[in-house]
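Take a look at the letters that make up each chain.
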Amino acid sequence: MDYFIILMIAASAVVAGGVAFAVTREDLRSEGRVAASVACALLVGAVSLFIPYLPVLAFLGTVVAYLVLRRLFSAGLALAASGVVLLAGCSFSVLLMMAALETM
């Protein structure tokens, strides 16, 4: 059972990093692409320690927001806005889990 949880956390982080690397391929240079991918992987992996699946959903919403904002604004502005969306989504998922545990 413990291996399953560890595998799920690692898979969440790897998927988040891989998708972030693929999505930002056209907009960022290699250093920025790697930094954005590692930041997404670390944030999703860290929040996945507390909540197994909600950070991945927040990350997928962030990717959609980034792709929409990239078409409307510049890549840097879209990346900054999607970073705020990812932080807000992960924070909301932690608060949601805290509220659920409080009412148990």
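That block above? That's the structure.
Everything numeric here is computed off the predicted structure, so don't read it as measured data.

Conventions used here
- Residues numbered from 1 in each chain as written.
- Predicted model: local features only at pLDDT ≥ 70, side-chain atom pairs only at ≥ 80, totals over all residues.
- Heavy atoms only, no water.
- Helix = DSSP H or I, 4+ residues; strand = E, 2+ residues; numbered from the N terminus.
- Expected span 1.5 Å × (residues − 1).
- Buried < 20%, exposed > 50% of the residue type's maximum accessible area, 1.4 Å probe, protein only.
- Contact = heavy atoms within 4.5 Å.
- Patch = residues over 30% accessible without salt bridge, like charges linked within 9 Å, V, L, I, M, F, W, Y side chains within 5 Å.
- Areas by Shrake-Rupley, 256 points an atom, 1.4 Å probe, with all protein chains shown as cover.
- Salt bridge = Lys/Arg side-chain N within 4 Å of Asp/Glu carboxyl O.

Q: I'd like a description of helix H4 (residues 75-102), backed by residues and values.
A: End to end, H4 covers 40 Å across 28 residues, agreeing with the expected 40 Å (1.5 Å per residue, within 8%). Of the positions making up H4, those classed as buried are Ala 78, Ser 82, Leu 86, Cys 90 and Ser 93. On the buried face of H4, the contacting elements are helix H2 (30-48) and helix H3 (54-72).

Q: Residue-level account of the side chain of Ser 93, with values.
A: Counting through the fold element by element, Ser 93 comes out in helix H4. Apart from residues lying up to four places away in sequence, Ser 93 is in contact with Val 47, Ile 51, Leu 54 and Pro 55.

Q: Kindly report on a nonpolar patch on the surface, identifying the contributing residues and their values.
A: A grouping of Val 64, Val 68, Leu 72, Phe 73 and Leu 77 is seen on the molecular surface, where their side chains present a nonpolar patch of about 500 Å² in accessible area. Top element by residues in the nonpolar patch is H3. It accounts for three residues.

Q: Please give an account of the pattern of salt bridges that cites residues and values.
A: A full pass over the atoms with the stated rule returns two salt bridges. A salt bridge links Arg 70 to Asp 27, with the shortest nitrogen-to-oxygen separation between them at 3.1 Å. Within this pair, whereas Arg 70 is found in helix H3, its partner Asp 27 is found in the loop between helix H1 (2-23) and H2, the two being separated by 43 residues in sequence. Arg 70 gets classed as buried once you look at its relative accessible area, which sits at 15%. Since its relative accessible area comes to 26%, Asp 27 is described here as partly exposed. Where Arg 29 meets Glu 31, a salt bridge forms, and the shortest distance between an N and an O atom there is 4.0 Å. Under the relative-accessibility criterion, Glu 31 is labelled exposed at 54%.

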